[in-house]
Structures are given as structure tokens and as C-alpha cells.
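Overview (structure and organization)
Okay, here's what each chain looks like letter by letter:
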Protein chains: 4
Amino acid sequence: MKELVIDLLNERGVQIKDIAQIAYDLQSPYNPQLTLEECVISVEKVFEKREVQYTILTGVALDKLAEEGSLDEPLSNIITRDEPLYGIDESLAMTIANIYGTIGVTSFGFLDKQKTGIIEELDNSAENVNTFLDDIVAGIASAASARLAHRHKEKQQVDIS
Amino acid sequence: MKELVIDLLNERGVQIKDIAQIAYDLQSPYNPQLTLEECVISVEKVFEKREVQYTILTGVALDKLAEEGSLDEPLSNIITRDEPLYGIDESLAMTIANIYGTIGVTSFGFLDKQKTGIIEELDNSAENVNTFLDDIVAGIASAASARLAHRHKEKQQVDIS
Amino acid sequence: MKELVIDLLNERGVQIKDIAQIAYDLQSPYNPQLTLEECVISVEKVFEKREVQYTILTGVALDKLAEEGSLDEPLSNIITRDEPLYGIDESLAMTIANIYGTIGVTSFGFLDKQKTGIIEELDNSAENVNTFLDDIVAGIASAASARLAHRHKEKQQVDIS
Amino acid sequence: MKELVIDLLNERGVQIKDIAQIAYDLQSPYNPQLTLEECVISVEKVFEKREVQYTILTGVALDKLAEEGSLDEPLSNIITRDEPLYGIDESLAMTIANIYGTIGVTSFGFLDKQKTGIIEELDNSAENVNTFLDDIVAGIASAASARLAHRHKEKQQVDIS
Ligand SMILES: [Ca+2]
Ligand SMILES: [Ca+2]
Ligand SMILES: [Ca+2]
Ligand SMILES: [Ca+2]
């Protein structure tokens, strides 16, 4: 299923490298030796988690159903215009952000305000409904960054001892 | 919108009284003077919350889309057979359970294991897909019960002082 | 108890006005008519919530115990030097941020990275241990801002109809 | 630090085997071949997580400080008599329950109502303040059980393919 959800994101205009870049931007200030390649690997690890796969399947399905006009009102309208108080998109994405602990959730909150890179592109897309997708991308990048933070920390402690 | 989501639940076989009964069963051991009528009022209050309304709209839409065969695979199959590790249904419902604090979340966990009343009927329905609905009902009952717990407590403290 | 926790924050160098200013900075871009006075009222409302009061009591107690050297190792050292992976301070504060829904949690994540105003002062204090306090202040400001966002939205919808 | 927190729990009357038994009771209905030994291993894995270690350190410290009379009022009284609306004990423990996803949180809610085994003993202790400890034990057992549920599921899927 990992390949299936990666294909689904590609189809919606999101590449692993785009997400890895956001994780890099989040984590590199705390770890100057970090490489983009390590961020790609960390994003790949996040995609292996079943709850991440299920969240992507569900969120992207809702974006596509809204886009095709297959949802009833008022939900169709709420998702299509990305109603700011809807909140289900952020709630779902925060369960991804949270898989490596609290740090991921605070990074997610930061990205939610400072939309950067692919997140901004998704948010401004004229063609597609990306109400769930922009938050999902932020959630994956936040989780990948939190995973790197934990590993960096553990490496430092081993180096000291 | 409150009326709209109550109608939507009625259409799916759930009455406010059914949810109030579960809230009553949760809370009456701690508050013997509690009436079913107070539980109905508490459930009504929960329905006024916008995040509750949005969660109902979204969850019931996914149940209905799965039922009609309008979702892509593998999501269609996952929701239709209520895959136990899916977890998105419980995550969404927990945001309802949580609106009056932690007590609601622990009640939700209890109901998730001890499916009682309408929750059991929904879970066993042969006709309908209720993968989200059973958890939504548990979430509303848990929130309504948490709200009553807080009010009961505050009343006790006023009586003492 | 509301007065007691406000006094406790004052004693630790935090005034309601300082928190209201952060809520104002968060919310005024979306609501240009917002006044600082409305933010003060919103912060006061957040202080009325029992879970907020309990979180303040607990978090400030841990800061003070660490400061006095009354905690056992390794907890004393972890809290005193604000160990970045500790996370309990953020988890507790997020329960405050969350009381008016998801928006509060994303604001909290933003403040956690972009420490502004009193949060930065607390974080840099040489005299006091503020490991919990800086996050608590961010949590209260985030909740107060989320409350204003919901009210602003509802007012707009009434104006349209 | 893993050994340190296990020692701390032993000192407070909790053995790994007691927690493993609760995980076994939660999970064995879904997996009849499960052994208590596998549950012991799963509990050991939960203890390796840094956020679990930090939560134990913090919660047990608060129990002990309350017991020794080292907390200020009203917090001392709230923790000592296990005030039902306090909620910080459950919030902290739920972050443990949540480390392997939503299933852990629902099991935690169940245990919170149906206190079994060592949880009931802790809850009824006349000598010790266990306000945090009973929830921490429930959180660890719930996480260990959620971990077994995920592994059981994955094994089943491999067997099918
Ligand atoms: Ca969105
Ligand atoms: Ca379900
Ligand atoms: Ca902090
Ligand atoms: Ca407790």
C-alpha cells in the first residue's frame, strides 16, 4: 500500500522530494550536517506507517470527491472553498504529525501558518481542491522532521557517553 | 446547520433519545438524580458545536459513499468492512468526545469496547455501512456525559460553599 | 480559583495584558477591527476553564520545584535546562490550546517556533525556570485567539443572513 | 533511563508482569495464541520510548511530592484525594497510550472505567498517593496491547499473501 499512496500523491502533484525539502527546512537549523537525502529516507519511513496511509487515502478521496461534485451540500461547498473553521483536514493531518511525538505537532502548527514550498502551491492551486492535501503534506513533513530530531538527539547522547 | 445534522442522523436511524440514553447510562452512576430529559438537553448542546456538525457531515458522507460504491479501492473495501486498524473513524469521533475535556475521551474508549444500545445496533446493521456513524454516536454521548459531569461537579461545589 | 491562578502567573512575571497582546497578534490579521480589550476579555474567559486552571497549577508547581532543587534527578536536570525532547510541557499546554478546537493547536505550534513578546522573555530568563510557563502562556494565548476566531466567524455569518 | 523508570515503578509497587497481564487481558480475545511472555516483551518495548520514560518520571514525581506534603495548596489536596475532574493524570497517560495509534487510546478509556488487576490495587491503596500512577500503568498496558494488535494484523496479512 505504501507505493499506492505515493502514486496517489504524485498524481495530485506532490513528489517525495517536495515533502523532504520541507522537513529539511524544519530540521536543518538544529542539525547543520543534515542532508536532503536523509530527509527523503525519513519521509519514506513515515509512508510505511499504516495510519499515515489510511489518512492519505481518506483525505485525498474527499478532495477528489469535492472536485468532481460528488459530495452533498453543504459539505461539498465547505471542502471546495476550504472553509477556515472546518478543521477536519487539520485534525486528520495532526494524527500524522503526531506519530513521532509532540515535536511533530508544533512543527505542523508552524507550517499551517507559514505555508512554504509545495504547501503554498497546493493552497493556491486554481485547478484542484487541495483542502486535505496541503495539511497532509505538512503532517508528513512534520513527522519526518520529528523523527530526525529524535534520532539526532539520540546520536548526540551516544557520542557523549 | 444543527437541524440539518440531526436530520441526517435520523435518516441513518439514530434519534437524539438513543444518544441521550447512552449518556444517561454513562453518567447516572455518579449522579443518581440525573434524568433522561437532562441528557437530551446535553446532547442538544453538543449538536450546537460547529466541529461536531462538521464531523457528522464528513463521517456520514464517507459511510454513504462507501455504501453506494462511490469510493475508489482500497478505501471502499476498508470502510465497507469496518477494517479494525483503519482508525480514522475513531480519530474523528474522539475530537467530538474531547470537546468538554479528557473525561469524554475515556468514556469514548469505554463505549468503543462495550458497545451498548444504538451503538451495538449500528455496528451490527446488515443493510447500512455505519463505520463512522457508530463512533460518532459514541463521541456525542461521551461529550454530553462529560458536560453533565462538569456541571454536576460545579453544582456540588456551590452547594458546599 | 480563577483569581488564584492569575495571581500565580503575576508572581511568575506574566500579566493578562501580555497574553492578550499575543492573542491580538495572532488574530488581528484576520479581523482588523479587533481591539486589545476584546483580547483581554477572551483571555479572562480562558482562565475560567477548570482544565486551564489545573494545568497552570501543575506546570507552575513543576517549574518552581525545579527552581528550588526539590525534584529528584534526572527530572530536576531535564526541567531546569528545558531539555528539548522532554515534551511534557508542550503536551500539557496543548490541552489548553485545544479547548476551542484545532485552530488553537496550530497557533500554539506557530508560537512554539516564533516565540514572541512575553514568551521570548520567559524563555530567556536567567533567574527563573520557565520550562512549563512559556508553553502555558502560548497555550492560553492560542486558546483565546481561537475563541475570537470562532466568534468572528459566527458574527460574519449572522451579518450575511 | 529505561532501567531507572522500571526501578521507579517497582519501588511504587508495580512489576512489569502486572502491566503485561493487563495487556494480555486486553488483547487475548482478538488473538487466542497470544502468550503472557509476548506481552512482557511488548511492555518492555513501550518502556524504551523516551516520551514514556519522561511521563513516568513526571507523574510519579507528582504522586510522591503530594504524598510527602511538598506541594502547595490547592494542588496538594487535588492530587492527594484524586479529584475526579483534575484530568492532568489522564491527559499525561493518554500520550503514552497513543504512541501506537488510536487503538491504545480506546483501550485506555476502557481501563479507566473497568479498573482491573494492579490498576485497582493502586487506586485503592491506603498508604500511597497513586493519582498519576494508576493512569500511567493503564497507558503502558494500552500501548503494549495496541503494539500487539498492529503486529498481529500485519502477520495475518503476510499469511494471506
Ligand atoms: Ca486545509
Ligand atoms: Ca467504527
Ligand atoms: Ca517549554
Ligand atoms: Ca488517576
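The following refers to the structure shown. (Residues numbered from 1 in each chain as written. Chains lettered and ligands numbered in written order. Predicted model: local features only at pLDDT ≥ 70, side-chain atom pairs only at ≥ 80, totals over all residues. Heavy atoms only, no water.)

1. Notes on the relation of the copies chain A and chain C
For the match of chain A to chain C, the screw axis carries a shift of 0.0 Å, the RMSD comes to 0.0 Å, and the turn is 180 degrees. The symmetry that links the two subunits is that of a two-fold axis. Most of the interface of chain A is mirrored in chain C, where 100% of its interface residues again form contacts. (Least-squares fit on C-alpha atoms with pLDDT ≥ 70 in both. Contact = heavy atoms within 4.5 Å.)

2. Overview of the coordination of the calcium ion (ligand 2)
All names here are of chain B. Ligation of the calcium ion (ligand 2) by protein atoms is provided by D89 (OD), T131 (O), D134 (OD) and D135 (OD), these donors lying 2.3 to 2.9 Å from the ion. Sequence positions of the residues that donate to the calcium ion (ligand 2) give the spacing D-x41-T-x2-D-D. Linking D89 in helix α6 (residues 88–97) with D135 in helix α9 (residues 133–160), this pair joins segments that are 46 residues apart in sequence. For D89, a relative accessible area of 3% puts it in the buried group. (Donors = N, O, S within 2.8 Å, 3.2 Å for Na, K, Ca; no water. Helix = DSSP H or I, 4+ residues; strand = E, 2+ residues; numbered from the N terminus. Buried < 20%, exposed > 50% of the residue type's maximum accessible area, 1.4 Å probe, protein only.)

3. A look at unusual backbone geometry
Residues and elements named next belong to chain A. For the peptide bond that leads from E73 to P74, omega is 5 degrees, which places it in the cis range. Structurally, P74 can be placed in the loop between α4 (50–67) and α5 (75–80). The phi torsion at D82 lies on the positive side, around 50 degrees, for a residue other than glycine. Residue position: D82 is located in the loop between α5 and α6 (88–97). Given a relative accessible area of 26%, D82 falls into the partly exposed group.

4. Considerations on the packing of aromatic side chains
Counting across every chain of the model gives 10 aromatic pairs over all chains. Measuring from centroid to centroid gives 5.5 Å for A:Y54 and B:Y86, while their planes differ by 70 degrees, and the two rings are edge-to-face. One end of the pair, A:Y54, is in helix α4; the other, B:Y86, is in the loop between α5 (75–80) and α6, on a second chain. For the pair A:Y54 and B:Y86, one class covers both residues: buried. Three or more aromatic residues joined by ring pairs form one cluster here, namely A:Y54, B:Y86 and B:F132. (Phe/Tyr/Trp six-rings, centres within 6.5 Å; stacked < 30°, edge-to-face > 60°.)

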